[in-house]
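Architecture at a glance
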Amino acid sequence: MISKEEILQTADLCKLKLSDEEIEIFGAMFSNVLKQIKELDKVDTEGVEPLIFLDLEEKPLKEDVPGDNFDRKELLKNAPEEEYGYFKLKKVMD
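Described in the following lines is the structure provided in the data block. All values reported here derive from a predicted model rather than from experimental measurement.

This next bit is on the side chain of Ser 31. Along the chain, Ser 31 turns up in helix 2 (residues 20-39). Here Ser 31 falls in the buried class, since its relative accessible area comes to 10%. Those residues in contact with Ser 31 that sit more than four places away from it in its chain are Met 1 and Ile 2.

Listed below in structure tokens is the structure:
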């Protein structure tokens, strides 16, 4: 089972605030997903070539057409931080 600390760490990375009840629910859900993934370890993949890429010719790309812009104030209202009308992100490199 996934620990409460791991759930809280994941929630923090996703900027989520979880109640104790939600932590229990997510813990059960995550544990179930991990059990399902563990079942894949039982699949015999001997002799199966790994999939490196998909053939793009089979899937036509959508034409890039400019459309309507979003309202900047509406987008920024849920941002944890904004500066000069843009999302403010944490520094990731010096």
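There is more to say after this.
Once that is clear, we can look at the layout of surface pockets. Put simply, the largest pocket is a space of about 170 Å³. Every residue lining the largest pocket is listed: Lys 15, Ala 79, Pro 80, Glu 81, Phe 87, Lys 88, Leu 89 and Lys 90.

Between side chains of opposite charge, a pair can form as their charged atoms come close. Scanning the entire structure with this criterion turns up four salt bridges. Put simply, Lys 4 and Asp 20 hold a salt bridge, and the shortest N to O gap is 3.9 Å. With Lys 4 in helix 1 (residues 4-13) and Asp 20 in helix 2, this pair connects stretches of sequence that are 16 residues apart. Relative accessible area serves as the criterion here: at 43%, Lys 4 is assigned to the partly exposed category. The exposed category is assigned to Asp 20, whose relative accessible area is 57%.

Rules used throughout
Residues numbered from 1 in each chain as written. Predicted model: local features only at pLDDT ≥ 70, side-chain atom pairs only at ≥ 80, totals over all residues. Heavy atoms only, no water. Helix = DSSP H or I, 4+ residues; strand = E, 2+ residues; numbered from the N terminus. Buried < 20%, exposed > 50% of the residue type's maximum accessible area, 1.4 Å probe, protein only. Contact = heavy atoms within 4.5 Å. 1 Å grid on protein atoms, 1.4 Å probe; cavity = no way out; pocket = protein on both sides within 12 Å on 5 of 7 lines; lining within 4 Å. Points joined across faces, edges and corners; volume = space filled by probe spheres on them. Salt bridge = Lys/Arg side-chain N within 4 Å of Asp/Glu carboxyl O.

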